[in-house]
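In case you want the letters, here they are:
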Amino acid sequence: MEEFFQQLTNGLAVGSIYALIALGYTMVYGVLKLINFAHGDLFTIGAYLGMTLLASFALHETIGPFLGLVVLALMVMGLVAVLGAIVERTAYRPLRESPRLSAVVSALGASIFLQNAVMLIYGARFQVYPEGLVPETSVDLFGLYVPVVRILVLFVSLALMAGLYAFIQKTRIGTAIRAAAIDQDAARLMGIDVNRVILLVFLIGPALGGAAGLLVGMQYGQINFTMGWTYGMKAFTAAILGGIGNIPGAMLGGILLGVIEALGSAYISIAWKDAIAFFVLILILIVRPTGLLGERVADKI
Amino acid sequence: MRNKSLYIYGVIFAALAVAPLFLNPYWVDVLNNVGLYAILGLSLNLIVGHAGLFNLGHAAFFAVGAYTAAILNTQFAIPVLWLLPVCALAAGLFAAVIARPIIHLRGDYLCIVTIGVGEILRIALTNDIFGVTGGPNGIFGISRPTVFGYVIRRPHEFYYLIGAFLMITIFLFHRLENSRFGRAVNYLREDETAAEGSGIDTSHYKLAVFVLGAAWAGMAGDIFAAKMTIIAPESFSFWESVVMFAIVILGGSGSIPGVLLGAVLFVGLPEAFRDFADARMLIFGAAMVVMMIVRTEGILPQRPRLYPLPGPGGAGGKP
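Novice: Looking at this structure, I do not really get the overall build of chain A. What am I missing?
Specialist: Per the secondary structure count, chain A includes 12 helices and four strands. Principal-axis analysis of the C-alpha atoms gives chain A an extent of 60 × 45 × 40 Å. Here chain A holds 301 residues, and the buried ones make up 55% of them. Considering only contacts within chain A whose residues lie at least 6 apart along the sequence, 76% involve residues at least 24 apart. Total accessible area on chain A is roughly 13300 Å²; 67% of this is exposed by carbon and sulfur atoms. One finds the centroid of the 17 positive side-chain charges in chain A at a distance of 11 Å from the centroid of its 16 negative side-chain charges.

What follows is the structure, given as structure tokens:
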């Protein structure tokens, strides 16, 4: 049972990271109907930026560990958000009216570009995060020893998701985003500046992705320029699993996927870990073709 | 107009037919790769270009073909060229089994499922599934193809084998494009609901075109296995699917000359960028974005179908 609960908490932590990344995919898809393949690489860049900023400013030593990490996270999120907006401007905006598959190739090109840019700057080898960021102890939770990092990751991602949910549901801008996702033309007629909504989506999504990159760096301690592909694909799978375009769906899908993957690799086979997510996806799509929380869309004639 | 383009194709064909005489083995091998990717691109073009189905896992079918050939050849010593129909059948069956339950899904769901199938297959091959795939090292010692007792060994010889296969592919796919099947598939790409309303069995056609494209990729896999004599799971990664997909979209989806040009650009250009060494892929990615922005429909897009108007008195030309 001990083993089971350890895997469960681990799965929850990984799953919440998937969920954070999945939000970026699902929001962009909701507004543009485009799979932003470069999103996984923005996540990688978040992890690398976090490492660089930690090494160059050592904020956690000068202004205290808690405040230091908060400032660091804000810096990473801000920088990755700006990068996301740049990607939107250069690679996606010129293709907004063109066939959708063309935009997909452009997205794949942007992904290849970013991934190789990271490799050229930081090198192809694994990079290591500075040690001692978070105390390497475990907390006793009802007789279960859980590492502090895991709790931190889970807590931070849940907080970010709750914040996003409140923002989307309760504010005027959030309403505008939802409106643009439902019907762009109608939203435009209601006086919503759709271009600004898209820009905003490309700021929020990458910011969350960058934060996820930082969390992965802190939890696992090492990062690599290709990790965006694995995490990106899992997160995209999570977004589809929950019903793409649906924000709570992405959160649910991410966490579910993380848990299934952790339990599957523990109890079935570790060698098949990366395949489990796709198996689950195919099974769910056969039963529910629009994902868990996706709505059935009837064809308009 | 028509004569002019025929003339151009004739010149290109003649130049390609004698090209190996003037090139060193390295460049002939590059041309062989271009040819192989052209065949793969054309097979994916049926699925993505003509039917508009979003397939980002085409490397999986290529892999099924290559592994079928490799296993049957090394275990039972069956000549590789005899295995062409077997490879087509294996890849086609695999495609039918996975596509049957998912083919009706909306575009992007199909995309992630095809990516997923590609990844599952690659992981299965690496994990030495059924103990026949050789795990991460793959399978080696695949025998060379023989044509009427003549063993094909050098790049120059493969050039003509691949060239012949490519020619047959172009001819058949050109005929298919202009058939009832081709028109039906194009119709469902443009407007699925209208196609269904006109009596086209959309899921039947989607499945048929998917299986056909996959079977063709399986045959390309057979040639690939014979050419390399060693195959390993890395040769069938997601990256390969991305290259095939980009060849189709960037070249011009639905257009045979476009796909051929796409294969030349995608396989040939990285060779030309060799001097940039590490920055090669960086430039490659940027070039994909720029080319897509400059030519959003691809370099040589599919031309609209032209039909003569029926003559007076209903005696008109054939459609």
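Novice: What's the story with the interface of chain A and chain B in this structure? I'm lost.
Specialist: Accessible area lost upon the coming together of the parts is a frequently used measure of interface size. With 47 residues of chain A at the contact, the number on the chain B side is 41 residues. Around 3700 Å² of area is buried between chain A and chain B when both sides are counted, 82% of it from carbon and sulfur atoms. Taken together, chain A and chain B are joined by zero salt bridges. Summed over the shared surface of chain A and chain B, the number is zero residue pairs in polar contact (both at pLDDT 80 or more). Of all the secondary-structure elements, those providing two or more residues to the side of chain A that touches chain B are helix H4 (65–92), helix H5 (100–122), helix H10 (227–242) and helix H12 (273–287) of chain A.

Novice: Even after reading the chapter, I still don't get H12(A), so can you show me in this structure?
Specialist: It helps to recall that an α-helix has 3.6 residues per turn; residues three or four apart then point in one direction. Here H12(A) contains 15 residues, and its C-alpha end-to-end distance of 22 Å stays within 8% of the 21 Å for a straight helix at 1.5 Å per residue. Listing the buried residues of H12(A) in full gives A:Ala275, A:Ile276, A:Ala277, A:Phe278, A:Val280, A:Leu281, A:Ile282, A:Ile284 and A:Leu285. The elements touched by buried residues of H12(A) are H10 and helix H11 (247–267) of chain A together with helix H5 (107–126) of chain B.

Novice: Sorry, what's going on with the pattern of salt bridges here?
Specialist: Residue and element names in this part refer to chain B. Counted according to the given criterion, the structure contains 10 salt bridges over all chains. With a closest N to O distance of 3.6 Å, Asp29 and Lys227 form a salt bridge. With a gap of 198 residues between them, Asp29 in helix H2 (residues 25–50) and Lys227 in helix H9 (residues 202–228) connect regions that are remote in the sequence. With a relative accessible area of 29%, Asp29 lands in the partly exposed category. For Glu192, the salt bridge goes to Lys206, with nearest N and O atoms at 3.2 Å. Residue Glu192 is located in helix H8 (residues 192–197), and its partner Lys206 is located in helix H9; the two are separated by 14 residues in the primary sequence. Glu192 sits in the partly exposed class, given a relative accessible area of 34%.

Rules used throughout
- Residues numbered from 1 in each chain as written.
- Chains lettered and ligands numbered in written order.
- Predicted model: local features only at pLDDT ≥ 70, side-chain atom pairs only at ≥ 80, totals over all residues.
- Heavy atoms only, no water.
- Helix = DSSP H or I, 4+ residues; strand = E, 2+ residues; numbered from the N terminus.
- Buried < 20%, exposed > 50% of the residue type's maximum accessible area, 1.4 Å probe, protein only.
- Contact = heavy atoms within 4.5 Å.
- Areas by Shrake-Rupley, 256 points an atom, 1.4 Å probe, with all protein chains shown as cover.
- Lys, Arg positive; Asp, Glu negative; His and termini not counted.
- Charge placed at Lys NZ, Arg CZ, Asp CG, Glu CD.
- Buried area = accessible area lost by both parts, 1.4 Å probe.
- Salt bridge = Lys/Arg side-chain N within 4 Å of Asp/Glu carboxyl O.
- Polar contact = N/O pair within 3.5 Å; in protein donor to acceptor, adjacent residues only side chain to side chain.
- Expected span 1.5 Å × (residues − 1).

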